Amino acid sequence: MSTTTHPELTPTQRAFRAAMSNLSAAVNIVTTDGPRGPAGITVSATCSVTDSPPTMLVCVNRSSYTHDFFVENKRVAINVLGAEHEPIAMRFAGASDVSMGDRLAGPEWEHDSHGVPVLRDAVATVIGRVADHRSHGSHTVLFVEVDAVNSRDDTGGLVYFQRRFHTLHPTELSA
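For the structure given in this document, a descriptive report is provided here.

Scoring rules and cut-offs
- Residues numbered from 1 in each chain as written.
- Predicted model: local features only at pLDDT ≥ 70, side-chain atom pairs only at ≥ 80, totals over all residues.
- Heavy atoms only, no water.
- Phe/Tyr/Trp six-rings, centres within 6.5 Å; stacked < 30°, edge-to-face > 60°.
- Buried < 20%, exposed > 50% of the residue type's maximum accessible area, 1.4 Å probe, protein only.
- Lys NZ or Arg CZ within 6 Å of the ring centre and 35° of its normal.
- Salt bridge = Lys/Arg side-chain N within 4 Å of Asp/Glu carboxyl O.
- Helix = DSSP H or I, 4+ residues; strand = E, 2+ residues; numbered from the N terminus.
- Disulfide = S-S within 2.5 Å.
- Pairing = 2+ DSSP bridges.

### Comments concerning the packing of aromatic side chains
Link 1 in the chain: Enumeration over the complete set of coordinates arrives at three aromatic pairs.
Link 2 in the chain: Ring centres of Tyr65 and Phe69 lie 6.0 Å apart, and the angle between their planes is 85°; this geometry places the pair in the edge-to-face category.
Link 3 in the chain: By relative accessible area, which is 12% here, Phe69 ends up buried.
Link 4 in the chain: The aromatic ring of Phe69 is capped on one face by Arg36, whose charged end is 5.0 Å from the ring centroid.
Link 5 in the chain: Here the guanidinium or amino end of Arg103 rests over the ring plane of Phe92, the centre of that ring lying 5.9 Å away.

Here it is, written out as structure tokens:
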């Protein structure tokens, strides 16, 4: 007899999870700071919504202890990770016992320019405010209206595919 409090997944839920593991996704660390305090989490469920006004969405599990930080602070940075950031992605995914304060205390973080922690060498960083949010099922979708963007193109990207991290390398365009 099982003593777990988690309900059994339905066959459709299991099939959906398996299918979604084949959906390649960029790996990001989404950070925030504000009245609730600083926080960050590794997220692969992000995408652009529109460029009028520039808006992205970020999905955060409502059971994550960081969830309320994002909703209440209303300011975020979406830090797109490069190939060299896998260790930091694991740290923010909760794969270590490093406290949140220590995760955000290193020299790789810039805290002064935008009011939220920004990863100094991210492939791209999108900074904005949570203009709206909607809860659906286990997650909240944050609609982030963009205030500032920084990007670089001298490194590869980090993606999540089949429940593992993988590196994408930039290719040269041939003339």
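Structure shown, so let's carry the discussion forward.
### A closer look at the pattern of salt bridges
Two side chains of opposite charge can pair, provided their charged atoms sit close to one another.
Link 1 in the chain: For the structure shown, the criterion picks out eight salt bridges.
Link 2 in the chain: Of the charged contacts, one joins Arg36 and Glu72 as a salt bridge, the two residues approaching to 2.9 Å between their closest N and O atoms. Highlighted residues: Arg36 in the loop between β2 (28–32) and β3 (39–43) and Glu72 in helix α2 (residues 67–73), separated in sequence by 36 residues.
Link 3 in the chain: Among the salt bridges present, the one from Arg152 reaches Glu84, with a minimum N-O distance of 3.7 Å. Of this pair, Arg152 sits in the loop between β10 (139–151) and β11 (157–161) while Glu84 sits in the loop between β6 (75–80) and α3 (86–92); the two residues are 68 residues apart in sequence, bridging distant segments of the chain.
Link 4 in the chain: Residue classification places Glu84 among the partly exposed positions, given a relative accessible area of 38%.
Link 5 in the chain: Residues joined in a network through salt bridges with shared partners are Glu84, Arg152 and Asp154.

### Here we look at the side chain of Ser21
Link 1 in the chain: Topologically, Ser21 is positioned in the loop between α1 (11–20) and β1 (25–26).
Link 2 in the chain: Of the residues examined, Ser21 reaches a relative accessible area of 13% and is grouped as buried.

### Comments concerning the state of the cysteines
Link 1 in the chain: Within the structure shown, the criterion is met by zero disulfides.
Link 2 in the chain: Between Cys47, a free cysteine, and Cys59, which holds the nearest cysteine sulfur, the sulfur-to-sulfur gap is 7.3 Å.
Link 3 in the chain: By relative accessible area, Cys47 is classed as partly exposed at 35%.
Link 4 in the chain: The class for Cys59 is partly exposed, based on a relative accessible area of 21%.

### Describing the pairing of β11
Link 1 in the chain: Judged from the two bridges that link them, β1 and β11 form a sheet pairing that is antiparallel. For Ala25, the partnering residue across the bridge sits in β11 and is Tyr160.
Link 2 in the chain: In terms of strand pairing, β11 meets strand β12 (residues 164–168) through five bridges, oriented antiparallel. Bridge assignment links Leu158 to a residue of β12, and that residue is Thr167.

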